[in-house]
Amino acid sequence: MKVSIRDISRITGFSPATVSNALNNKKGVHKETAEEIFRVARETGYINESTITKIKLVMFRKNGMIIEDTPFFPALITGFEQECRKYGYEMVICNVDQREEGYESQVQSVINEAGSAVVVLATEMAEGDLDIYQTAACPLLIMDSWTGRMGFNAILINNEDSAKMATEYLIQKGHRRIGYIRSSFRIKNFRLRFYGYQSALRKHKIDFDEKSVVTVAPNLNGAYHDVLKFLEVKNNLPTAYFADNDLMALGAMKAFQERGYRIPDDISIIGFDDLPFSQISTPGLTTLRVPNTEMGQLAVRRIVDMIEKNDNIVVKTQVCTKFIIRDTVRDLNEVFGVL
């Protein structure tokens, strides 16, 4: 027999009006009350995952500095949309901004709507930002981030190994003084890339020098101006830099070139992402290509398995990058002989 709001009211002890308001995500229902009502609704089958018809892509913003300033994400969204269409699900894009008043109630509305599954683009999330999503009444997947709590399915980039590979490439090319162009906004992806960079240095017994780190804004213009400022007082530069992403690498390149440094003759640079204009920069940027379109597709496939196969196994999928060699790395072995 079909479960009704009155049945949920009887089980929980809350009035039918309160149950109805909670299930429809209306304001005025206490958080703990709503969580209990949704728990009972799921257990009794009132909320039935088999009736899901749409997949929401939730674009989380903490400050917008990463999400809004790069062409990386439109390609990811394209892959997401293609796969939703392939599997017959309606795609809905939702924007949530942690800076806005009513953020928590907005999230509760998104993650507790019957008939929906949710994929959260969590690039800008910090530790603890995922807590509110643990109460989701629907299948939910995290994309482009991860939490050590192991409670979420996730699709993310293999950041640490990728950065290690890039740094080791510089070492293979004879570089021993390798700097790091660091984003001032420390998302988890960037921290993992820094760990990979440090891991490569340790493996080859190269000391890490804090003075070799340049902290810049995580966008092209910000990185350009920050590196210009850095160069006003810095003279003894490393022979190479690994950058947190392509935008920072390209901004740094422009600043170095304006101050008379030749790329790669004086300074070598490697980026991360392989954005479209990285191949047409002068010189072309050596970088790590992230399969962003495929990431969007993978996220949809995983959430569809969770919906249609009732797959309750928590899976963390790391997407590997491809190393793209262009013209921003000089081989010092050819100059000084193999070290």
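Parameters and conventions
Residues numbered from 1 in each chain as written. Predicted model: local features only at pLDDT ≥ 70, side-chain atom pairs only at ≥ 80, totals over all residues. Heavy atoms only, no water. Helix = DSSP H or I, 4+ residues; strand = E, 2+ residues; numbered from the N terminus. Buried < 20%, exposed > 50% of the residue type's maximum accessible area, 1.4 Å probe, protein only. Contact = heavy atoms within 4.5 Å. Areas by Shrake-Rupley, 256 points an atom, 1.4 Å probe, with all protein chains shown as cover. Lys, Arg positive; Asp, Glu negative; His and termini not counted. Charge placed at Lys NZ, Arg CZ, Asp CG, Glu CD. Arc of directions from axis to C-beta. Salt bridge = Lys/Arg side-chain N within 4 Å of Asp/Glu carboxyl O. Pairing = 2+ DSSP bridges. Axes fitted to C-alpha atoms, helices over the stretch in contact; angles between N-to-C directions. Left-handed = near helix turned anticlockwise from the far one by under 90°. Core = buried A, V, L, I, M, F, W, Y, C linked by side-chain atoms within 4.5 Å.

A. View of the overall build of the protein. Check the secondary structure of the protein and you find 11 helices and 12 strands. Dimensions of the protein, computed from C-alpha atoms along their principal axes, come out at roughly 80 × 35 × 35 Å. Considering the protein as a whole, with its 339 residues, one finds that 55% of them fall into the buried category. Residue pairs in contact within the protein that sit at least 24 positions apart in sequence constitute 74% of those at least 6 positions apart. Carbon and sulfur atoms make up 48% of the accessible area of the protein, which amounts to about 15700 Å² in all. Distance between charge centres in the protein, computed from 42 positive and 43 negative side chains, equals 2 Å.

B. Looking closely at helix H1 (residues 5-12). Of all the positions in H1, only Ile8, Ser9 and Thr12 are classed as buried. Seen end-on, H1 carries its buried residues on one side only, within an arc spanning 105°. Turned more than 90 degrees away from the buried face of H1, the exposed residues are Arg6 and Arg10. Buried residues along H1 sit against helix H2 (16-23) and helix H3 (31-43).

C. Here's a closer look at the pattern of salt bridges. On inspection of all chains with the given rule, the structure shows 18 salt bridges. For the salt bridge of Arg85 with Glu81, the shortest nitrogen-to-oxygen distance reads 3.7 Å. With Arg85 and Glu81 both in helix H4 (residues 72-87) and 4 residues apart, this pair spans about one turn of that helix. On the basis of relative accessible area, Arg85 is assigned to the exposed category, the value being 57%. For Glu81, a relative accessible area of 39% translates into the label partly exposed. For Arg301, the salt bridge is made with Glu83, and the minimal N-O distance between the two is 2.8 Å.

D. Quick look at the pairing of strand E4 (residues 140-143). Burial along E4 is two-sided: Leu140 and Ile142 and Leu141 and Met143, pointing in opposite directions, are all buried. Both strand E3 (residues 116-121) and E4 contribute to a ladder of 4 bridges, which runs parallel. Considered in E4, the bridge of Leu121 is made with Met143. Relative to strand E5 (residues 153-157), E4 runs parallel, the two being bridged by 3 bridges. Paired with Met143 across the strands is Ile155, a residue of E5.

E. Representation of the packing of H4 against helix H10 (residues 292-308) within the structure. Between H4 and H10, whose axes approach to 6 Å, the crossing angle comes to 40°. You can see that H4 and H10 cross each other, and the crossing is right-handed. Contacts from Phe72, Ala75, Leu76, Gly79, Phe80, Gln82, Glu83, Cys84 and Tyr87 in H4 reach Asn292, Thr293, Met295, Gly296, Gln297, Ala299, Val300, Arg301 and Val304 in H10.

F. Seen up close, the nonpolar core. Within the largest apolar cluster, 77 residues are counted, with the highest numbers of intra-cluster contacts made by Ile55, Phe80, Met143 and Phe256. Counting residues per element, this core draws most heavily on helix H9 (residues 246-258), at 8 residues. Apart from the residues lying within four places of it in its own chain, the contact partners of Met143 are Leu57, Leu76, Phe80, Val119, Val120, Leu121, Ala122, Thr123, Ile155, Met295, Gly296 and Ala299. Core analysis: the second largest hydrophobic core is formed by 23 residues, Cys94, Val110, Leu130 and Ile132 among them.

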